[in-house]
Amino acid sequence: MRLHVVNHPLVSHKLTVLRDEDTDSPTFRRLTDELVTLLAYEATREVRVDPRPITTPVGPTTGVYLAQPKPMVVPILRAGLGMLDGMMRLLPTAEVGFLGMVRNEETLEASTYAERLPEDLSGRQCYVLDPMLATGGTLAAAIRFLTDRGADDITAICLLAAPEGVDNLEKALDGLEVPVTVVTAALDEKLNDKGYIVPGLGDAGDRLYGVA
Ligand code: URA
């Protein structure tokens, strides 16, 4: 697994405002959207393209178009939904599949409660959207779900990651042939005993949608 922490002053600035407990939900949603677009730019560095001959007003040339099959963007419900528009701004022709996963707050185990994805993801590059890489359980389960359906290249975009989550994810994916990259705006200090990222930003879903 490859971890890419995006180091850019605009990313750090937006993340600081997101972390602030005084930031309200509308601002939190807007900044999440902007931050994801910046992360998506890095996350799509290896998106597959094919050569395409075109003619400009001045003459013929060969450029590139996104390759087929189209990339698949997979927001993990609920909080990953707040990242979808920011991602689709850069990849408007991607397809979107949904994965509903919930974490048991006592055992911290992740389980799937809903899915709307093609049965066959062979040859697909998948971009998983999950704001908080905390214990790593949800992301590991989501990645396994996608690779079991044939996805052959996975990039996860997370606003924040905890070192424990990165380690757990690495262990959980041990032996997996499929390349996995995690792109995040910051690697925080630790997890607390409730499984929250410290300093983190609190519960991403609650802050996005204004409910606790
Ligand atoms: N999920 C969140 O929303 N926040 C955390 O800090 C950890 C998991």
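Residues numbered from 1 in each chain as written. Predicted model: local features only at pLDDT ≥ 70, side-chain atom pairs only at ≥ 80, totals over all residues. Heavy atoms only, no water.

Engineer: Would you mind going over the layout of surface pockets with me for this structure?
Structural biologist: In this approach the atoms are scanned with a rolling probe the size of a water molecule, which exposes any empty space left behind. By volume, the largest pocket is sized at about 560 Å³. As for the largest pocket, its lining consists of 28 residues, and the residues nearest its centre are Ala79, Arg103, Glu105, Asp130 and Asp203. Of all elements in the fold, only strand E4 (72-77), strand E6 (98-103), strand E9 (132-133), helix H4 (137-148) and helix H6 (204-209) reach the threshold of two or more residues within the lining of the largest pocket. Looking at the lining of the largest pocket, its residues break down into 14 nonpolar, eight polar and six charged. Its boundaries defined by the atoms lining it, the second largest pocket holds a volume of some 180 Å³. Secondary-structure elements contributing two or more residues to the lining of the second largest pocket are strand E1 (2-5), helix H2 (25-43), strand E8 (125-129), strand E10 (153-161) and strand E11 (180-187). (1 Å grid on protein atoms, 1.4 Å probe; cavity = no way out; pocket = protein on both sides within 12 Å on 5 of 7 lines; lining within 4 Å. Points joined across faces, edges and corners; volume = space filled by probe spheres on them. Helix = DSSP H or I, 4+ residues; strand = E, 2+ residues; numbered from the N terminus. Nonpolar A, V, L, I, M, F, W, Y, C, P; charged D, E, K, R; others polar.)

Engineer: When you look at the packing of aromatic side chains in this model, what are you seeing that I'm missing?
Structural biologist: Working definition: an aromatic ring pair is given by the centre-to-centre distance plus the angle between the planes. Enumeration over the complete set of coordinates arrives at zero aromatic pairs. It is Arg52 that lies over the ring of Tyr65; its NZ or CZ is 3.6 Å from the centre. (Phe/Tyr/Trp six-rings, centres within 6.5 Å; stacked < 30°, edge-to-face > 60°. Lys NZ or Arg CZ within 6 Å of the ring centre and 35° of its normal.)

Engineer: Would you take a moment to explain the pairing of E8 for this structure?
Structural biologist: Residues in a regular strand point their side chains to alternate faces of the sheet. Burial of E8 is extensive: five of the five residues sit out of reach of the surface. The alternating pattern of E8 places Gln125, Tyr127 and Leu129 on one face and Cys126 and Val128 on the opposite face, and all of these are buried. Here E4 runs beside E8; their pairing, made up of four bridges, is parallel. Residue pairing across strands places Val73 opposite Tyr127, the latter belonging to E8. As defined by bridge partners, E8 adjoins E10 across five bridges and the pair is classed as parallel. Of the residues in E10, the one forming a bridge with Tyr127 is Thr155. (Buried < 20%, exposed > 50% of the residue type's maximum accessible area, 1.4 Å probe, protein only. Pairing = 2+ DSSP bridges.)

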